2 protein chains.
Amino acid sequence: MPSPEFFQVLPPADALALFDQQWQPQPPADTITTAAAPDRILAADIRSPEQVPAFRKSTVDGYAVRGSDTFGASQSLPAFLRLRGELRMGEAPRDDIDAGDALLIHTGGMLPASADAVVMLEHTQTVNEGEIEILRAAAPGENVIQAGEDVAAGGLILPRWHRLRPQDIGGLLAVGIHEVNVVSKPRVGILSCGDELTPPEAELTTGKVRDINAYTLSALAEKYGARPLRLGIAADAIEDYRQRAEAGFDACDILLLSAGSSVSARDYTRDVINGLGEPGVLQHGLATKPGKPTIIAVCKNKPVIGLPGNPVSALLVARQLLPHLIARYQGMRPEPPATTKARLAQRVASVTGREDWLPVKLARAADGERLAEPVFGKSNLIFTLIVADGLLRVPLNTGGYDAGIIVDIERF
Amino acid sequence: MPSPEFFQVLPPADALALFDQQWQPQPPADTITTAAAPDRILAADIRSPEQVPAFRKSTVDGYAVRGSDTFGASQSLPAFLRLRGELRMGEAPRDDIDAGDALLIHTGGMLPASADAVVMLEHTQTVNEGEIEILRAAAPGENVIQAGEDVAAGGLILPRWHRLRPQDIGGLLAVGIHEVNVVSKPRVGILSCGDELTPPEAELTTGKVRDINAYTLSALAEKYGARPLRLGIAADAIEDYRQRAEAGFDACDILLLSAGSSVSARDYTRDVINGLGEPGVLQHGLATKPGKPTIIAVCKNKPVIGLPGNPVSALLVARQLLPHLIARYQGMRPEPPATTKARLAQRVASVTGREDWLPVKLARAADGERLAEPVFGKSNLIFTLIVADGLLRVPLNTGGYDAGIIVDIERF
C-alpha cells in the first residue's frame, strides 16, 4: 500500500530545500595536472608562487633607453643615441646600458637594469650602423611593464570554488603551477530494479524491456558534471534489491534508484532506502507530472532519490533534481537551462497544485515565427522525448496555457 | 617586411566566410558504443531495426479484457468477469483469455492475444477469489499501446547531424542499437614558435616565458568539442618551424600556429603556412583588437590559423574563429555564447572599422543593478582575462560606448 506521505505531494523546489536542510556535502579534493583541469572547480584559493611578469619587459618593438636621454626629442630636433646592439628574444641582456645608449628590443624582451623606457620603432630612425635618431621623447616607464605589475608574489590568483576556464589554465601555468586541487566530481550511482528489465546488450525475450534508465541517467549525470556509476539491475525481490543498493550506496555520493513499474518493486524501494541509513525517506510524492511517485531521501549524509521506473518520468524528474545536487556537492549553483521563446501552437491543460513538464517540438510558422507544438503520446515512452526539441514547464499554480501565448521552452 | 595584405584587414565574419568558401570538410565517422555517444553527432540517419513497443502493452495497472465483455458496465450495473490469474512483470502470457475472462496485468505488461483493452484497477472490485466486478466499460484499445505505435520497424528514429542527448541514447538502446556511427571530432593541432618560449613544466631561466598558448588553446578546443593535439614549441628558425608544422599538419584537421612576438617568427609563419599546401594564406590581418596580425589560410583542404603570440590575443582570436570551424567540421553551426546584460560603468573608446573585444568584470551596484567594468591592462597578459567575467564586443562600425548604457556581456 502507498504510505500516507505519498498523498502529501511536495513541489520540486521544496524537495530541493529538503535536501539542502538534511545534506551537508563534504566533497574531497582531487590533485590533478593543471592541463587536465579545464572546467573543474578549485578546492582551495590559489596564490602565485612568483611575481608576474618575472622581470621588467618591453610592451612594444623598439629601443630600450634611459627616458631622460630622450627628453625634448622631436621630429625637428631628434635625440641621437648610440646603438648597443639587439637583445634577441628569450635572452637576458648581457650588459647594462649607459647614458646615451639604446638597445634594440622586442615585445616581451627584458629591459637592461638602467633602461627605464622603450621608444617604439616607428618613432626612431637609423642614422648609421652605430647610431639612431629618437624622434619622440619617452617618459620613464613608457612602454614598460614592471616586474610584479600583473601579479605580486603570494598574490591571490583564483579563489576557491572557481570553475577553471581556458584563460585560468593559462594563468596557473604562467606562474608555474602544474598541479591543482579540485573538488572531486560526485559519483552518481544508478540502480534499476525490476524483473522485466534486461540489460540493453542482452537478447530481448518476450515480455521483457531493455533497461535504458541506467544509460539515460548516466548521460544526464555526465552532462551536469558528475561521474556516473551503473550498478546494474536488481531482481524484483527485496533481498537482491537491498544488497545491490547497499553495495552501490557505499561506492557513490548520490544514489538514484529507478524501480520498475510493478507494485512490489515500488513498495520495496521505500524500505530499501530506509535501510541505507538515517534519516532515510524524507518525502514520498512530488507535485509534478510526470514524477509523482518520486521518493526524496538522505541516508548517512548522501542524497538518495527513488525515481519512477518509466524512462520519461525517471529522466524528467532526475533533470529537476540532479543538477541541483551535483552543483551543490561542488559548492555551486546549477546554471539555469537555456530557453527559447516560442508561440504555443495548441492549448495545454494542467492542474493547479502540480508542476507539469511537457515535451514540445519547435517549428517555424509561415511568417517565420517560432512555434511550440506539444508532443502528446499515451505511451509516455522515451520516443516522445526524442521527437521533442525541449520542454514546456506549466508552473505549480497555473491551470494550463491557452494557445497563442508566448512561452519559454527549455532546450533539452 | 609585412606583406601588402596585412593592411587590408578583414572583419572576422568575412574571415569565416573565406574559410567557408575555401574549405569543404569531409569528416570521417567513428563507430562507438551508444553508451559512450552522448553529445556526439550522428554521421548517418538511424532507422529502427524493430518496432516499438515490441508487443501490445498495458499503459496502466489493471485487468486485461475483451472490451466487448465490459460494454454497458457501470457502478450500478457492473459486469462480472472470471479472474484468470496475474501476469507477472517481465513474463509473456502463457495462455490466451476467453470471452468473459480478465487477467491481472501491470503497467508495461504484454496483453494476451484476445485481450484488446485494460480496465484500470480503480474501476474494478474483487468479488471473490475467482471473480471481479468491472465498474466501467473499456472500449477496445483503451489503456493499450499497440505494437509499433511509437516506432515502426524501419522507421527513422534520428537524422544525420543530430547531436545525441540523454533521451536519444535511451531511444537507441531501447531498440537494441548498441553502436552508432558518429562524426569524428576534429583534431586541433597547436604549435607555438619562439626562442623565448619554455614548456610550462621546465625550469624558467631569465628572459624566457612559459608557453601557455598550447594549454589555453587546448582547453578552448576541447570546450568546443574538438580533440586538441599539442605539437610542442618550434625554434625561431624557419627549418625547425617548417618541419614541426608539416608533421603536425598531417596529424590534425585544423592547425593553429601561435608565433612568438619576434619579427622573424611572425614573418616565418606566413612562409611556413604557404609551404603546407594550396591555396595557402588567404588573408593576413583581421579588423579586430586584439588580433590584427592574424593569418587566415586553407592548405590542402584544412584550415590553418596563424595566431598572434600574445596569450590574450591568441585566445580571443581563436575564440572568434575556432567554434565556427569545429562546428562546421561536424556539419553544425556554433551555439551563440551565453550573454548577460549589464550597465557599462565606464566609457569605452574604439575605432570605426575595427571590432574590439574588451575584458570586463561584472559587479553589483548599490541598487543591485549589474555593472560591467572594463579591465584595462597595458601588459595584455593573461591575467586581464582571469580577473574578467566576460567580454564586451564593440562592433565594427561603432566608435565606442558611453558610460551608463546597457550592453551584452559574453560570458567567457
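Residues numbered from 1 in each chain as written. Chains lettered and ligands numbered in written order. Predicted model: local features only at pLDDT ≥ 70, side-chain atom pairs only at ≥ 80, totals over all residues. Heavy atoms only, no water.

**Overview of the overall build of chain A**
For chain A, the count of helices and strands is seven helices and 28 strands. For 412 residues, the compact-globule estimate of 2.2 N^0.38 gives 22 Å, and chain A exceeds it by more than 25% at 32 Å. Based on the C-alpha atoms only, the size of chain A along its principal axes is roughly 100 × 55 × 40 Å. For chain A, buried positions account for 52% of its 412 residues. Carbon and sulfur atoms make up 50% of the accessible area of chain A, which totals about 17,200 Å². Looking at charge distribution, chain A has the averaged site of its 41 positive side-chain charges lying 7 Å from that of its 50 negative ones. (Helix = DSSP H or I, 4+ residues; strand = E, 2+ residues; numbered from the N terminus. Rg over C-alpha atoms; globule rule 2.2 N^0.38 Å. Buried < 20%, exposed > 50% of the residue type's maximum accessible area, 1.4 Å probe, protein only. Areas by Shrake-Rupley, 256 points an atom, 1.4 Å probe, with all protein chains shown as cover. Lys, Arg positive; Asp, Glu negative; His and termini not counted. Charge placed at Lys NZ, Arg CZ, Asp CG, Glu CD.)

**Observations concerning the nonpolar core**
One broad rule of soluble globular proteins: the nonpolar side chains tend to lie buried together. Judged by nonpolar contacts, the single largest core of 58 residues is most densely connected at Val188(A), Leu256(A), Ile157(B), Leu164(B) and Val180(B). For this core, the leading source of residues is helix H6 (residues 311-329) of chain A, giving eleven residues. When near neighbours in sequence (up to four residues on either side) are disregarded, Leu256(A) contacts Val188(A), Gly189(A), Ile190(A), Leu191(A), Leu217(A), Ile305(A), Leu307(A) and Leu322(A). Listed in part, the 57 residues of the second largest apolar core include Leu42(A), Ala226(B), Leu325(B) and Leu391(B). (Core = buried A, V, L, I, M, F, W, Y, C linked by side-chain atoms within 4.5 Å. Contact = heavy atoms within 4.5 Å.)

**Re the sheet that holds strand E13 (residues 187-193) of chain B**
The pairing of strands in a sheet comes from backbone hydrogen bonds and takes either a parallel or an antiparallel form. Residues and elements named next belong to chain B. Pairing in this open sheet of six strands is mixed, and the strands run E16-E13-E17-E21-E20-E18 from one edge to the other. Unpaired on one side and paired on the other, strand E16 (227-234) and strand E18 (279-284) mark the two borders of the sheet. Along the sheet, successive strands turn relative to each other by an average axial angle of 20 degrees, direction set aside. By the bridge criterion, five bridges tie E18 to strand E20 (residues 295-299) in an arrangement that is antiparallel. Bridged to valine 281 within E20 is alanine 297. Each of E18, E20 and strand E21 (302-307) touches helix H1 (residues 12-22); the most contacted strand, E20, lies at about 5 degrees to it. The sheet contacts of helix H6 (residues 311-329) involve E13, strand E17 (254-259), E20 and E21, and relative to E21 the element is tilted by about 170 degrees. (Pairing = 2+ DSSP bridges. Axes fitted to C-alpha atoms, helices over the stretch in contact; angles between N-to-C directions.)

**Observations regarding the relation of the copies chain B and chain A**
Mapping chain B onto chain A is achieved by rotating through 180 degrees and translating by 0.0 Å along the same axis, at an RMSD of 0.1 Å. Here the transformation between the copies is reduced to the relation of a two-fold axis. Across chain B, the rotation axis passes nearest the C-alpha of Ala338(B), at a separation of 4.4 Å. When the interface residues of chain B are mapped onto chain A, 100% of them are again interface residues, pointing to one common binding face. (Least-squares fit on C-alpha atoms with pLDDT ≥ 70 in both.)

**Some thoughts on unusual backbone geometry**
Trans is the common state for peptide bonds, and a negative phi is the common state for residues other than glycine. Here Val52(A) and Pro53(A) are connected by a cis peptide whose omega angle stands at -10 degrees. Within the secondary structure, Pro53(A) sits in the loop between strand E2 (46-47) and strand E3 (57-58). Of note, the amide linkage connecting Lys289(A) to Pro290(A) takes the cis form, showing an omega dihedral of 0 degrees. With respect to the helices and strands, the residue Pro290(A) is situated in the loop between strand E19 (288-289) and strand E20 (295-299). At Asp39(A), a residue that is not glycine, the phi angle is positive and equals roughly 80 degrees. Of note, Trp161(B) is a non-glycine position whose phi angle comes to about 75 degrees, a positive value.

**Quick look at the interface of chain B and chain A**
Contacts between the two partners involve 69 residues from chain B, matched on the other side by 69 residues from chain A. Between chain B and chain A lies a buried interface of about 5,400 Å² when both sides are counted; carbon and sulfur atoms form 66% of it. Summed over the shared surface of chain B and chain A, the result is four salt bridges. We note a salt bridge from Asp195(B) to Arg88(A), for which the minimum N-O separation is 3.5 Å. At the junction of chain B with chain A, the criterion picks out 17 residue pairs in polar contact (both at pLDDT 80 or more). Of all the secondary-structure elements, those providing two or more residues to the side of chain B that touches chain A are strand E10 (144-145), strand E11 (156-158), helix H2 (166-174), strand E15 (209-210), helix H3 (213-223), helix H5 (263-274) and helix H7 (383-386) of chain B. (Buried area = accessible area lost by both parts, 1.4 Å probe. Salt bridge = Lys/Arg side-chain N within 4 Å of Asp/Glu carboxyl O. Polar contact = N/O pair within 3.5 Å; in protein donor to acceptor, adjacent residues only side chain to side chain.)

**Structural notes on the confidence of the model for chain A**
All names here are of chain A. With 96% of its residues at a pLDDT of 70 or more, chain A has an overall mean of 92. This stretch, residues 1-6, has a pLDDT under 50; its non-local contacts, to residues over four places away or in other chains, come to eleven contacts. The ipTM assigned to the predicted complex is 0.87, against a pTM of 0.86. (pLDDT = per-residue confidence, 0-100.)

**Structural notes on H1(B)**
All names here are of chain B. Residues Pro12, Ala15, Leu16, Leu18 and Phe19 constitute the buried set of H1. Projected down its long axis, H1 carries its buried residues within an arc of 150 degrees, all on one side. Relative to its buried face, H1 has exposed residues pointing more than 90 degrees away, namely Ala13 and Gln21. Check the buried side of H1 and you find it contacts E18, strand E19 (288-289), E20, E21, H6 and strand E24 (355-364). (Arc of directions from axis to C-beta.)

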